[in-house]
Amino acid sequence: DARHAEEEPAEEEEEEVRPREIEDPDPVNRPWVEWTQEEGTGVKTSDEIEEFQTKDEDPVQLRFSMSRKRRLFRQNTPHVGIARFFDAESVETEDFKPYRDPQFKEQVEMGPGVYGTRFLLRDKASNCVPVTNESSTQSERFRLVNSMVQYYPIVSEPEEEEREGIDQAVLEMLQRTLPGCHQALLTNATFKVFEDDLASLGDEETLGNTSDNAIREYTSPFTDINYSKNKTISAIDWMPDAKGVVAVACVDSAPLDEQVGSDGKVHASHILIWNFKDPIHPQMVLEAPSDVFCFRFNPKNSDLLCAGCASGQVIYWELSDAKQKAKGKSGNAEEDQESNTEVQSIKYALASTIEGSHRRAVSNICWLPPGKEVHARTGTLVPPTTSGGVSQQMVSLAPDGMLLFWDLRVTKDDKNGAVLWTPIYRILMNSLEFSGDLAGTQLCLNPAEEGEDATKFHIGTEAGELVEGSWTLPEDKDEASTFIQKSNTSHFGSIVAVQRSPFFDDTIMTVGDWTFNLHRSGASEPSVRSSFAPTYLTTGRFSPTRPGVTYTGRADGSIDVWDLMDRSHEPSLVHNVGPAAVTALEFWGDPGGNLQLLAVGDQQGTLHVLEIPRNLRRAIPLELQSVEDLLNRELSRVHYMETRLKFRTQELSVKEAEDEELRAAAAEAAAKAAAALQAAREAAEAEAAALADDKADVKEEEEEEQEGQAKLDKADEAVEATYRALEAAYREKVGMDPK
């Protein structure tokens, strides 16, 4: 066995050593040999076997026997009878009476009283009993036999144990495995092997359909039968300094032919301010002269609210008096709002003149940050003159190509005493890629408060462009200077949402057609493009607490949740809000981070308030750095593609130049070949003409020669005729025979 172990590999040596088997060289039955450990002192093996057997202690057993003599089998004895078992109590009988059919006539030949049958009536009875069968069987019995076996213990000889202990193969195995065991022990001493490495990764949360990870309705939907039913919610905004107060703008959702028919008529619109304490009646109703497509609360003072109308006008409301009235004289807002079901209707405080407003519907409006203030004539930034950090200026955008700046403090009166409100500064923008005015739909200002970037903005257009510009021209401007600096087409249709990331100032999200894109500053095309959605996308927002999460609304009433930390080729979660298209999204977050709400407006005028689950509102560890690395990698890829595109363009231009040279050389060679061919053709024609002339000359000479020969022949014939006549005369004279 030891020699065999030396030949086996190391892997087999490490297996468990099985005990050695003792084989009997002569497997024959032998007589039983009693074995004890020591003679006269141990227990016998037979006694041990007897102890393992179980025996009945009570020998008394009851047995019953029923017997009959063989000669009495199948005989009916008077005192015993025949032993048969049957059930005679369940015998049923049925009487069948004779029946005569009157349809048949009487058969006279068969006797009187016989009708239609050839058989006489007879009485017969039968007893229906089951068939019985007598049988018997006897089972075989196998005789029980006690058997036993005797074995010997495995005992190793001392010499064999000593030889195995010093086996050379075992020593080599130990020397070979000792370094690995030593390294493993050192590793265990260096690292904490019993520490949970997954504990530092945070909670293992995935986007599923469990109750804790699902988006749920926070309150019942808000809708009003008078102001919002069957209308479209165009904009949503939360009141900054109030909890559970949200405002929505409702516009008419009539078809285009009805809107054209009602053009020029006075059409009032409303902004509804809802409070979670009363989901049936709006707390306030703000009146507007026309449909409101965008509005915003002042971030520092919720008493000021500005809005843009379909007529191109900009209006604003002062809500301080309405708030005091809602609170009531007692100051207990909860009791007064619960008891008061009357809706407050508030008229706008100031509206811009139609002549000084936009020529098309205002598509976006926003307040300037408190640290920014625009000069009335030049548009440059000046030190703010407001008190308390409350901004008094705003900027509005419309598809007419104009960007207008407004100041609540700058008004003037006309000759009739009416207040006129006009913009303090305006710019007109033209599209770089298309002719005509820049049809802007969404506006995003740069958050920088100083430097050149402080006056920059990004605008999404109806043509799918994302343009970057500045509302001030450079000092060294020339005639070619324009307010638009960069432009790139990122969507096939109109851009419906533009928002800057709350975590990265150089990242902007655009939503349009079926996709949303992430743009980085310095790139001419989007860094991240989403896959195509099954329906049109209508709006979109960044998550205010997670850098890698975005929300997009769809035209089929669903919301796509994109988590770049989970996957980038498809949404991580799709939540169905309702049957109508989603038209507006806006977030509200608890300062403590324990609650995050998402207001969703649809095309039927219903406001849904959704509660965002914890895994979507709480950032995972190192998410900010991971998303930044992802965006940087995508930006590097875009730059590389731009460089490769330029290089390929140069290669293409060089190849086109080479192809042009080859084509020119081929054309020149073809021209030379054509010229040579033409010259050869002309030479051949000249040679043919010369040959034809020579042939004509030869022919004339031959004709002349033939004519001369003909004349010569006639003279010779005359001479020969004269000679013949003279010869004949001579022959006749001399008497010779004529020929």
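Figured I'd write up the structure that's included with this text. Every value quoted in this text rests on a predicted model; they were computed, and no experiment measured them.

Looking at the pairing of strand 22 (residues 507-512)
Phase 1 of the analysis: By the criterion of burial, strand 22 is predominantly enclosed, with six of the six residues buried.
Phase 2 of the analysis: Burial along strand 22 is two-sided: T507, M509 and V511 and I508, T510 and G512, pointing in opposite directions, are all buried.
Phase 3 of the analysis: When strand 21 (residues 495-500) meets strand 22, the two strands line up antiparallel, connected through five bridges. When the bridges of strand 22 are listed, A497 appears paired with V511.
Phase 4 of the analysis: Where strand 21 folds back onto strand 22 in an antiparallel hairpin, the turn is made up of six residues.
Phase 5 of the analysis: Examined bridge by bridge, strand 22 and strand 23 (residues 515-520) share six bridges and lie antiparallel to one another. Following the sheet pairing, T507 is matched in strand 23 by R520.
Phase 6 of the analysis: Connecting strand 22 to the next strand, strand 23, in antiparallel fashion are two residues, including D513 with a positive phi near 40°.

Looking at the sheet that holds strand 19 (residues 465-470)
Phase 1 of the analysis: An order of 17-18-19-20 is seen for the four strands of this open sheet, with the pairing classed as antiparallel. The sheet terminates laterally at strand 17 (440-445) and strand 20 (484-489), the two strands that pair on one side only. Taking each pair of neighbouring strands and ignoring which way they run, the sheet shows an average axis angle of 20°.
Phase 2 of the analysis: Pairing geometry for strand 17 and strand 18 (residues 456-461), over five bridges, is antiparallel.

Quick look at the environment of L305
Phase 1 of the analysis: With respect to the helices and strands, L305 occurs in strand 7 (residues 304-309).
Phase 2 of the analysis: Note on L305: relative accessible area 0%, which makes it buried.
Phase 3 of the analysis: A C-alpha to C-alpha distance of 9.9 Å links L305 and A349, two positions 44 residues apart in sequence.
Phase 4 of the analysis: What L305 contacts, discounting residues up to four positions off in sequence, is I271, L286, F295, R296, F297, I315, Y316, W317 and W367.

Notes on the sheet that holds strand 21
Within a sheet, each strand pairs with its neighbour through backbone hydrogen bonds, oriented either parallel or antiparallel.
Phase 1 of the analysis: Strand order in the open sheet formed by four strands is 21-22-23-24, with antiparallel pairing between adjacent strands. What marks the edges here is a single partner per strand, and that holds for strand 21 and strand 24 (528-529).
Phase 2 of the analysis: Where strand 23 meets strand 24, two bridges bridge the pair, whose relative direction is antiparallel. Bridging across to strand 24, N517 finds its partner in R529.

Section: the environment of E623
Phase 1 of the analysis: Residue position: E623 is located in helix 10 (residues 623-734).
Phase 2 of the analysis: As for E623 and R546, which are separated by 77 residues in sequence, their C-alpha atoms are 7.8 Å apart.
Phase 3 of the analysis: Setting aside chain neighbours within four positions, we find E623 in contact with R546, P547, G548, V549 and M565.

As for the nonpolar core
Phase 1 of the analysis: Counting 24 residues, the largest nonpolar core has I271, I273, L286, V292, F295, F297 and W317 as its most contacted members.
Phase 2 of the analysis: Listing elements by their share of this core, those giving two or more residues are strand 3 (245-252), strand 4 (269-275), strand 5 (284-288), strand 6 (292-297), strand 7, strand 8 (314-318) and helix 7 (320-327).
Phase 3 of the analysis: Every residue in contact with F297, bar those within four places of it in the chain, is listed here: D237, W238, M239, P240, A247, I273, S302, L304, L305, L319 and W367.
Phase 4 of the analysis: Among the nonpolar cores identified, the runner-up in size contains 20 residues, and F405, L443, I459 and I484 belong to it.

A closer look at a nonpolar patch on the surface
Phase 1 of the analysis: A surface patch of nonpolar side chains, amounting to about 230 Å² of accessible area, comprises V170, L171 and L174.
Phase 2 of the analysis: By the secondary structure assignment, V170 is in helix 5 (residues 168-190).

Points about the packing of aromatic side chains
Phase 1 of the analysis: Across all of its chains, the model carries 13 aromatic pairs by this definition.
Phase 2 of the analysis: Judged by centre distance (5.6 Å) and plane angle (45°), the rings of F405 and Y425 are tilted. Of this pair, F405 sits in strand 13 (residues 402-407) while Y425 sits in strand 16 (residues 425-428), and the two are 20 residues apart along the sequence. The residues F405 and Y425 share a single accessibility class, namely buried.
Phase 3 of the analysis: Arranged with centres 5.0 Å apart and planes meeting at 65°, the rings of Y551 and F587 form a pair that is edge-to-face. Of the two residues, Y551 sits in strand 26 (residues 549-554) while F587 sits in strand 29 (residues 582-589), which places them 36 residues apart along the sequence.
Phase 4 of the analysis: Exposure remark for Y551: the relative accessible area of 0% places this residue in the buried category.
Phase 5 of the analysis: An aromatic cluster of three or more residues is present, and its members are Y218, F222, W238, W274, F276 and W588.

Quick notes on the environment of D291
Phase 1 of the analysis: Along the chain, D291 turns up in the loop between strand 5 and strand 6.
Phase 2 of the analysis: Relative accessible area serves as the criterion here: at 13%, D291 is assigned to the buried category.
Phase 3 of the analysis: Spatially, the C-alpha atoms of D291 and H270 are 7.6 Å apart, while their sequence positions differ by 21 residues.
Phase 4 of the analysis: In contact with D291, other than residues within four places in its own chain, are V251, D252, H267, S269, G308, C309 and A310.

A closer look at the pattern of salt bridges
Phase 1 of the analysis: This model, assessed by the stated rule, comprises 23 salt bridges.
Phase 2 of the analysis: One salt bridge in this structure joins R409 and D407, with 3.1 Å as the shortest N-O distance.
Phase 3 of the analysis: Residue D407 is classed as buried on the basis of its relative accessible area, which comes to 4%.
Phase 4 of the analysis: Residues R637 and E634 are paired through a salt bridge, measuring 2.9 Å at the closest nitrogen-oxygen approach. Note that R637 and E634 are positioned in helix 10 at a spacing of three residues, about one turn of the helix.
Phase 5 of the analysis: A relative accessible area of 21% places E634 in the partly exposed class.
Phase 6 of the analysis: Among the charged side chains, a salt-bridge network with shared partners connects R296, R541 and E586.

What counts and what doesn't
Residues numbered from 1 in each chain as written. Predicted model: local features only at pLDDT ≥ 70, side-chain atom pairs only at ≥ 80, totals over all residues. Heavy atoms only, no water. Buried < 20%, exposed > 50% of the residue type's maximum accessible area, 1.4 Å probe, protein only. Helix = DSSP H or I, 4+ residues; strand = E, 2+ residues; numbered from the N terminus. Pairing = 2+ DSSP bridges. Axes fitted to C-alpha atoms, helices over the stretch in contact; angles between N-to-C directions. Contact = heavy atoms within 4.5 Å. Core = buried A, V, L, I, M, F, W, Y, C linked by side-chain atoms within 4.5 Å. Patch = residues over 30% accessible without salt bridge, like charges linked within 9 Å, V, L, I, M, F, W, Y side chains within 5 Å. Areas by Shrake-Rupley, 256 points an atom, 1.4 Å probe, with all protein chains shown as cover. Salt bridge = Lys/Arg side-chain N within 4 Å of Asp/Glu carboxyl O. Phe/Tyr/Trp six-rings, centres within 6.5 Å; stacked < 30°, edge-to-face > 60°.

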